[in-house]
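# Commentary on secondary and tertiary structure
As a plain string of letters, each chain reads:
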Amino acid sequence: MILQPIMLKRLQTKWGVNTTQFIIIMCVFAITGTTTAWITKVITEWVGFTSDTYWLWRWMLRLAMLIFGYQVILLSVAFLFGQFPFFWQYEKKILKRMGIPIPGEVKISETKLPIAKTHDSINVHEITAGSDLRATDAQEPVYIALFASGAGSNARAIIDYFRKRPFVKVALIISNKPQAGVLDIATKENIPTITIAKERFFKGDSYIPDLKSGKIQWIILAGFLWKVPAALIEAFPGKIINIHPALLPNYGGKGMYGHFVHEAVIAAGEQKSGITIHYVDELFDHGAHIFQAYCDIEPGETPEMLAKKIQVLEHRHYPEVIERLIKNEGM
Ligand code: GRF
């Protein structure tokens, strides 16, 4: 009895919706189920199937209704209840799994590369499968800080992702550039910011007191171009990660950022490029790898075209990888 509300609560948290929306979604599922059953019955009678009809034909009709009819009815009911965006996301996942192309999606042939599967810090809480309730149902969200100095498209993707998953809170944005686009995003989102000074970052307290007093648990680099000082790495062991727009260990290191990376990749005639999410150590783009995904490079592709594909990969995977790390699910 008690398990039921807990399971529903977990589902609600997973979907990142409030209670009212959760109830509406459940109604949509219930109405779709009943409607599909009713329509299947009507079609069965219309084509003249009876209990004497060969069982395979009856089952094939039911299966077709379940696979195709259900999806169409689900989206229609969702539309009537104002829940189309939620269910369209849901359908997209199903279509992707079935290998069906989705209209309007950027087509990227992408494969996860075999990567260092674990790292000590993944098991830092020694949470085993099924016990991620501690992370998701805790009263207090896990506070993360984003370090970014560019346009902030990744920061935007992360903020949007966790808005629907309130067990993680983007609590602080740190930049070394006062004009960085990411600071405008922070202002619009009401997220506190710190514009850091070189001297204090590298030779002072590295802003550790600000991070600690802000209860920051994870530091997420998204377009932050300075090295991270040793003191900061020691203060957040295994809790600082970065994303790089290439398949490290190639095309990384000092000076390899933004368009320089994509230009170098194209100039070298590579047939694929991708993203690497990795732990941060004191060297540029050097720590243990957590996750990689790649896309093919078509003949004649320009660095600008490649940059767009890489950005799609970044936005698709970075927030999800962050979530999995925080929930302590292996990669
Ligand atoms: C991204 O390409 C990321 O991989 C790199 O810096 C870039 C930041 O872009 N570390 P944005 O500011 O998030 O758009």
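Preceding this paragraph is the structure being described.
In what follows, the accompanying structure is described. (Residues numbered from 1 in each chain as written. Predicted model: local features only at pLDDT ≥ 70, side-chain atom pairs only at ≥ 80, totals over all residues. Heavy atoms only, no water.)

## A word on the packing of aromatic side chains
Rules: For Phe, Tyr and Trp, rings pair up if their centres lie within 6.5 Å, where Trp contributes its six-membered ring, and each pair is then called stacked (planes under 30 degrees apart), edge-to-face (over 60) or tilted (otherwise). Secondary structure elements follow DSSP: runs of H or I of four or more residues count as helices, runs of E of two or more count as strands, with numbering from the N terminus. Exposure classes here rest on a 1.4 Å probe applied to the protein chains alone. A residue is buried below 20% of its type maximum, exposed above 50%, and partly exposed in between. We call a charge positioned over a ring when the NZ of a Lys or the CZ of an Arg lies within 6 Å of the ring centre and within 35 degrees of the ring normal.
Tallied over the full model, the rule gives 16 aromatic pairs. An angle of 50° between the planes, with centres 6.5 Å apart, marks the rings of phenylalanine 147 and phenylalanine 201 as tilted. Taken together, the residues phenylalanine 147 in strand 2 (residues 142-147) and phenylalanine 201 in helix 8 (residues 198-203) connect sequence positions 54 residues apart. Note on accessibility: phenylalanine 147 and phenylalanine 201 belong to one class, buried. Grouping aromatic residues by their ring pairs yields a cluster made of Phe147, Phe201, Phe202, Tyr207, Phe224 and Trp226. Looking at arginine 200, its charged tip hangs above the ring of tyrosine 207, at a distance of 3.9 Å from the centre. Across the ring face of tyrosine 294, the terminal group of lysine 272 is positioned such that the distance to the ring centre comes to 4.4 Å.

## Looking at the side chain of aspartate 285
Inclusion rule: Here a polar contact is recorded for every N or O atom pair within 3.5 Å, except that within protein the pair must consist of a potential hydrogen donor and a potential acceptor, and residues adjacent in sequence are included only if both atoms are side-chain atoms. By the convention used here, residues are in contact when the closest approach between their heavy atoms is within 4.5 Å.
One can find aspartate 285 in the loop between strand 7 (272-279) and strand 8 (289-296). A distance of 2.8 Å separates a polar side-chain atom of aspartate 285 from the backbone nitrogen of glycine 253. Excluding residues within four positions of it along the chain, aspartate 285 makes contact with Asn242, His244, Leu248, Gly252, Gly253, Met256 and His278.

## As for the site of the ligand
As a reminder, the rule being used: Throughout this document, a residue counts as near a molecule or strand when at least one of its heavy atoms sits within 4 Å of that molecule or strand. The accessible surface values rely on the Shrake-Rupley method and a 1.4 Å probe; as for residues, cover is taken only from the protein chains in view. Each residue is assigned to one of three groups, with Ala, Val, Leu, Ile, Met, Phe, Trp, Tyr, Cys and Pro labelled nonpolar, Asp, Glu, Lys and Arg labelled charged, and all others, Gly among them, labelled polar.
Looking at the ligand, the residues that line it are Gly150, Ala151, Gly152, Ser153, Asn154, Gly223, Ile243, His244, Pro245, Gln311 and Glu314. Alanine 151 is positioned such that a nitrogen or oxygen atom in its backbone is 3.3 Å from an oxygen atom of the ligand. Within the side chain of serine 153, a nitrogen or oxygen atom sits 2.5 Å from an oxygen atom of the ligand. Its free accessible area being 370 Å², the ligand has 81% of it covered by the protein chains. Where the shell around the ligand is concerned, the elements lending two or more residues are helix 6 (153-163), strand 6 (240-244) and helix 12 (303-326). Its residues assigned to classes, the shell around the ligand comprises 3 nonpolar, 7 polar and 1 charged.

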